[in-house]
Amino acid sequence: MRLSKFFMPLLRDDPKEAEIVSHQLMLRSGMIRQASSGIYSWLPLGHKVLRKIEQIVREEQDKAGAIELLMPTIQSADLWRESGRYDVYGKEMLRISDRHDRDMLYGPTNEELITDIFRSAARSYRDVPRILYHIQWKFRDEIRPRFGVMRGREFLMKDSYSFDLTVEGARRSYNKMFVAYLRTFERMGLKSIPMAADTGPIGGDLSHEFIVLAETGESEVFCHRDLIEKTAPEDDIDMDGDLSPILSEWTSKYAATIEKHDKERFEAEVPKKSRISARGIEVGHIFYFGTKYSVPMNCTVQSADGQQVNLECGSYGIGISRLAAAIIEASHDENGIIWPEPVAPFKVGLINLKSGDKATDNACEDLYNRLQNASIEILYDDTDDRAGAKFAAMDLIGLPWQLIVGPRGLKDKLVELKDRRTGKRDSLSLDEAINRLVP
RNA sequence: CGGGGCAUGGCGCAGUCUGGUAGCGCACCUGGUUUGGGACCAGGGGGUCGCAAGUUCGAAUCUUGCUGCCCCGACCA
């Protein structure tokens, strides 16, 4: 993409409404624009990041055997009356009526809808287990939206729902999602730590929050140092095998958010040098809730011995739009964003230091074409801004690599490759630069 | 929802107290000089001062009502 043809409105100053760094940087880098309180448009740069995150989540769900579908944003109130949640949910639920005065709502979550879908299709124990998921926008009319997309009213979520015949089966589904989540966040360059959590209004008795550590995170968390140093299971893990050892490995050490923190237990269980107290952001939440919806909504299958059995269920969320902000909170410096490569909107920013200079233009065009042909995502700053402005803009938007081309280096047939994270620059020939960028 | 604050060009702000017909920096356009970390000079374009009613010869400024947005708290992926 040529910057001169792209749509990326940068701001030099922080808009005054932005309080936290991810919100400031998302606005300044032209990723998002506020439409109204807690509701955002995703501009091209932000949209690319959102899609990258979404795709990683999708791949890890698929790998765990979950099956993608898509449910609507607008739901009928009838299903919610059936589960009993219509009157319980409160003002967070955006209630609307259609032209026939039917009660509708913009879905804050989808347990009712998926249960309705599943009960109408599943007849036999052979139809389970299944994990179904979708990636869809949700709306919760928060009393006070804040921090940009970190706590918006409209947000993009991945939601999975598991259906099993038995409690043991439901635990296996839960374990799959648990492991999938570890891998998902690690692929995005994040350190996530599963922490025991309240089950909240959804109910149930087994639940973990996945917390990403970030200095500017919103909640205070406490955990054993070993958990920070742990890495997620490898790519070759058998998701259909017994995952419970991994679960115990990750849940046997102390980890709690401030809400669940037990200071005495923390100090009793964890040696002083291993105690971590930090800040974090909740990016995922998994629940096992048994028959909470399958009983009132009569979601059953027939078992091998001929009985009608209510299914054992769980739900598993990942805040996709929130992750974009969480990644920035965890990865930035005073100059701007530092994208981990797997979620970067482009891999490389090509900086032409002297547009209009023939040798420089030619070298840039050559690099641009060759990298494009190698399927490298590249943003070419071909504008006639001054060098300093281009450096500042490229640092702000945080592409992992900057390829810097100017007359000074070209005299010796060299260009510079700068690593955004470390700031390290290497002078290389054009061919070497390309070899470094093409895997 | 309780408490506090803000609303003036794309962004950041001054002007409001003390009423006289709108200004600054950045950004944008034109020309020139520049050109490796947010250049300089000159000349331009862009604003029903959130909305409505009122007071007044005259309202960004005073009064009343409304709306939107932000911050703290309670709540939350």
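Just so it is clear, the model here is predicted, and its values are computed rather than measured.

1. Considerations on the pairing of strand β10 (residues 206–213)
The side chains of a regular strand alternate between the sheet's two faces.
Next up, step 1: Taken across its eight residues, β10 has seven buried, putting it largely inside the fold.
Next up, step 2: Examined bridge by bridge, strand β9 (residues 192–196) and β10 share five bridges and lie antiparallel to one another. Its bridge partner lying in β10, alanine 196 is registered against histidine 208.
Next up, step 3: The pairing of β10 with strand β13 (residues 275–290) spans eight bridges and is classified as antiparallel. What sits directly across from glutamate 209, in β13, is histidine 285.

2. Concerning the protein's contact with RNA strand B
Next up, step 1: Around RNA strand B sit 40 residues in total, of which Glu282, Asp395, Arg408, Glu416 and Arg425 are the nearest.
Next up, step 2: Within 4 Å of the protein, the contacting atoms of RNA strand B are drawn from sugar and phosphate to the extent of 45%.
Next up, step 3: Here arginine 12 contributes a side-chain N or O atom positioned 2.6 Å from a sugar or linking oxygen of RNA strand B.
Next up, step 4: Elements that contribute at least two residues to the surface near RNA strand B include exactly β1 (32–36), β13, α11 (387–397), α12 (407–410) and β22 (415–419).
Next up, step 5: Element by element, the count of residues in the surface near RNA strand B is highest for α11, at six residues.

3. So, helix α9 (residues 320–330)
Next up, step 1: Counting buried residues in α9 gives 10 out of 11 residues, a clear majority hidden from the surface.
Next up, step 2: Along α9, the positions that sit buried rather than exposed are Ile320, Ser321, Arg322, Leu323, Ala324, Ala325, Ala326, Ile327, Ile328 and Glu329.

4. A closer look at the packing of helix α10 (residues 358–373) against helix α13 (residues 430–437)
Two measures define how a pair of helices packs: the angle their axes make with one another and the distance between the axes.
Next up, step 1: Two numbers describe how α10 lies on α13: the axes approach to 11 Å, and their chain directions differ by 30°. Between α10 and α13, the angle falls in the class roughly parallel. In terms of crossing hand, the pair formed by α10 and α13 is right-handed. Contacts between α10 and α13 pair Ala363, Asp366, Leu367, Arg370 and Leu371 from the former with Leu430, Asp431, Ile434 and Leu437 from the latter.
Next up, step 2: Here the residues of the contact of α10 with α13 are counted per class, giving six nonpolar, no polar and three charged.

5. Brief notes about the confidence of the model for chain A
Next up, step 1: Of all residues in chain A, 98% attain a pLDDT of 70 or more, and the chain-wide mean is 94.
Next up, step 2: Interface confidence for the predicted complex, expressed as ipTM, amounts to 0.94; the pTM equals 0.96.

About the cut-offs
- Residues numbered from 1 in each chain as written.
- Chains lettered and ligands numbered in written order.
- Predicted model: local features only at pLDDT ≥ 70, side-chain atom pairs only at ≥ 80, totals over all residues.
- Heavy atoms only, no water.
- Buried < 20%, exposed > 50% of the residue type's maximum accessible area, 1.4 Å probe, protein only.
- Helix = DSSP H or I, 4+ residues; strand = E, 2+ residues; numbered from the N terminus.
- Pairing = 2+ DSSP bridges.
- Near = heavy atom within 4 Å.
- Polar contact = N/O pair within 3.5 Å; in protein donor to acceptor, adjacent residues only side chain to side chain.
- Axes fitted to C-alpha atoms, helices over the stretch in contact; angles between N-to-C directions.
- Parallel < 35°, antiparallel > 145°, perpendicular 65-115°, else oblique.
- Left-handed = near helix turned anticlockwise from the far one by under 90°.
- Contact = heavy atoms within 4.5 Å.
- Nonpolar A, V, L, I, M, F, W, Y, C, P; charged D, E, K, R; others polar.
- pLDDT = per-residue confidence, 0-100.

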